[in-house]
Amino acid sequence: MKQILAIGLIVSGFAFGQVKKDTVEKEYKLEVTPFKAEKKEKPLPLSKKGQVFVFYGWNRGAFSNSDIHFTGNGYDFQLNNVSARDKPTKFGIVYFDPSWFTVTQYNFRLGYFIKDNLALVLGIDHMKYVMKQNQTVDFSGYISDPKYAAMVQNGQIDLSSGEFLTFEHTDGLNYENLGLEKYKNLIHKKNIDLVWSYGAGLGFMFPKSNVKLFGNDRSDRFHVAGMGTDLRSSLNLVFWKNWMIRAEAKAGYINMWDIKTTLNNKPDKARQDFVFGQVLAGIGYTFNTKKYN
């Protein structure tokens, strides 16, 4: 009996010892995961509230025909369906020399993201508008000066000589505007992003109109002449994290009711409205006003 009891104690001690050994081994095998702070990744470009971008580029423009109404001392008349074009500067160093940047048809943008994917954009569109000289247009109204009244034949007038009128906004057709733009990331790679935007803008026209009417001294001064509005869309290629190439197209409407046509502060003025189209391209830089790891 004592031998049986002794054998039982030995077996039970061995069993309890094995359980304790297994438990200890399991405890030592437990892995402790160290605490790691959540890393805040840099956001996609042109997407997050607080981001900013600046842009500078060049444009080509096109304009619908317009009726131009002239009023002043001794005349009140309208030229109908007048056609015009832009006036791009020949490509050269003038496009890159800061001292000559206003000579070209240029664009400037400053954008700030007021919320995710939505930017408030301040823009300057320096377009150029030149009335085509070689055209004959319909005339309505009166001119008291017999010399210039005699140039009207059968309700039309030939403008080709430039003696009756030269008419430009070449310093330029300045559209100072504020817009809202919505942005959407189309492609996201390691060092490159393609972002699409669309939006609308509203602003005032601040042209330096070059007008010579009836041989008077040419008007050539900056003046708030009216208002403009537009719809726009762009593609933005962001590379090397911050640099941006932007291509944009826009269409809009311009109404200028106070165009100065003489040099002095006389009541002489013109008014016109027309639709415009514009394509532009250039380079920009985007950065964050918030810190990201």
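Refer to the structure presented above.
Calculation rules
All residue numbers refer to position in the chain's written sequence, counted from 1. Owing to the predicted nature of the model, reporting of local features is limited to residues with pLDDT of at least 70; listing and counting of side-chain atom pairs is limited to 80 or more, with chain, interface and lining totals taken over all residues. Hydrogens and water molecules were not included; the side-chain quantities draw on all heavy atoms of the structure. Under the scheme used here, helices are H or I runs from DSSP no shorter than 4 residues and strands are E runs no shorter than 2 residues, and both carry numbers assigned from the N terminus. The classification of residues rests on relative accessible area computed with a 1.4 Å probe and restricted to protein chains. Under 20% of the type maximum is buried, over 50% is exposed, and intermediate values are partly exposed. We call two residues in contact whenever any of their non-hydrogen atoms come within 4.5 Å of each other. Accessible surface is estimated by sampling points in the Shrake-Rupley manner with a 1.4 Å probe; for residues, cover comes only from the protein chains shown. In this scheme, patches are assembled from residues that exceed 30% relative accessible area and form no salt bridge. Like charges are connected within 9 Å, while nonpolar side chains (Val, Leu, Ile, Met, Phe, Trp, Tyr) are connected within 5 Å. Here a salt bridge means any side-chain nitrogen of Lys or Arg lying within 4 Å of a carboxyl oxygen belonging to Asp or Glu. Any residue with an atom within 4 Å of a point lines the site, the site being either a cavity, points on a 1 Å grid over the protein atoms alone where a 1.4 Å probe fits but cannot get out, or a pocket, an open set with protein on both sides within 12 Å along at least 5 of 7 lines. Grid points are joined across faces, edges and corners, and a volume is the space filled by probe spheres set on the points. Residues are grouped as follows: Ala, Val, Leu, Ile, Met, Phe, Trp, Tyr, Cys and Pro are nonpolar; Asp, Glu, Lys and Arg are charged; every other residue, Gly included, is polar. Each Phe, Tyr or Trp ring, with Trp reduced to its six-membered ring, pairs with another whose centre is within 6.5 Å; inter-plane angles below 30 degrees give stacked pairs, above 60 give edge-to-face pairs, and intermediate values give tilted ones. Here, a charge over a ring is recorded when the distance from Lys NZ or Arg CZ to the ring centre is within 6 Å and its angle to the ring normal is within 35 degrees.

### Some words on the overall build of the chain
Alright, step 1. The secondary structure content of the chain amounts to two helices and 16 strands.
Alright, step 2. When each of the 293 residues of the chain is scored for burial, the buried share is 38%.
Alright, step 3. The contacts of the chain with a sequence gap of at least 6 include a subset with a gap of at least 24, amounting to 69%.
Alright, step 4. Surface summary for the chain: the accessible area is close to 17,200 Å², and the carbon and sulfur share equals 60%.

### Some details on a nonpolar patch on the surface
Alright, step 1. A cluster of nonpolar side chains, namely L110, Y112, I114, L120, L122, L178 and L180, defines an oily patch on the protein surface of about 570 Å² accessible area.
Alright, step 2. Elements that contribute at least two residues to the nonpolar patch include exactly β5 (106-115), β6 (118-131) and β10 (165-188).
Alright, step 3. No other element matches β5, which puts three residues into the nonpolar patch.
Alright, step 4. By the secondary structure assignment, I114 is in strand β5.
Alright, step 5. Look at I114 and you get partly exposed, because its relative accessible area is 36%.

### A few points about empty space enclosed by the protein
Alright, step 1. Applying the stated criterion across every chain yields a total of one cavity of 30 Å³ or more.
Alright, step 2. As a volume, the largest cavity reaches approximately 30 Å³.
Alright, step 3. If you go around the largest cavity, the residues you meet are P207, S209, R221, H223, A225, D258, I259 and K260.
Alright, step 4. Of the residues forming the lining of the largest cavity, the biggest block, three residues, is contributed by strand β15 (residues 243-260).
Alright, step 5. Considering only residue class, the lining of the largest cavity consists of three nonpolar, two polar and three charged.

### Things to note about the layout of surface pockets
Vacant regions in the atomic arrangement are exposed by a probe of water-molecule size rolled over the atoms.
Alright, step 1. Estimates place the volume of the second largest pocket at around 180 Å³.
Alright, step 2. Surrounding the second largest pocket, N73, G74, Y75, I143, S144, D145, Y148, F214, N216, T262, K266 and D268 form its lining.
Alright, step 3. A class-by-class count of the residues in the lining of the second largest pocket yields four nonpolar, five polar and three charged.

### Some remarks on the environment of R218
Alright, step 1. Position of R218 relative to the elements: it lies in the loop between β12 (208-213) and β13 (219-222).
Alright, step 2. For R218, a relative accessible area of 42% translates into the label partly exposed.
Alright, step 3. R218 sits 51 residues away from F167 along the chain, and the two C-alpha atoms are 9.7 Å apart.
Alright, step 4. In contact with R218, not counting residues within four places along its chain, are N210, V211, K212 and L263.

### Some remarks on the packing of aromatic side chains
Alright, step 1. On inspection of all chains with the given rule, the structure shows 25 aromatic pairs.
Alright, step 2. For the pair F70 and F77, a centre-to-centre distance of 5.1 Å together with 20° between the ring planes defines the contact as stacked. Neither F70 nor F77 differs from the other in exposure class; each is buried.
Alright, step 3. In this structure an aromatic cluster arises from ring pairing among F63, F70, Y75, F77, Y129, F139, Y148, F164, F167, F214 and F274.
Alright, step 4. The ring of F55 has R246 sitting right over it, with the charged end atom 5.9 Å from the ring centre.

Don't take any of this as a statement about function, it's just geometry.
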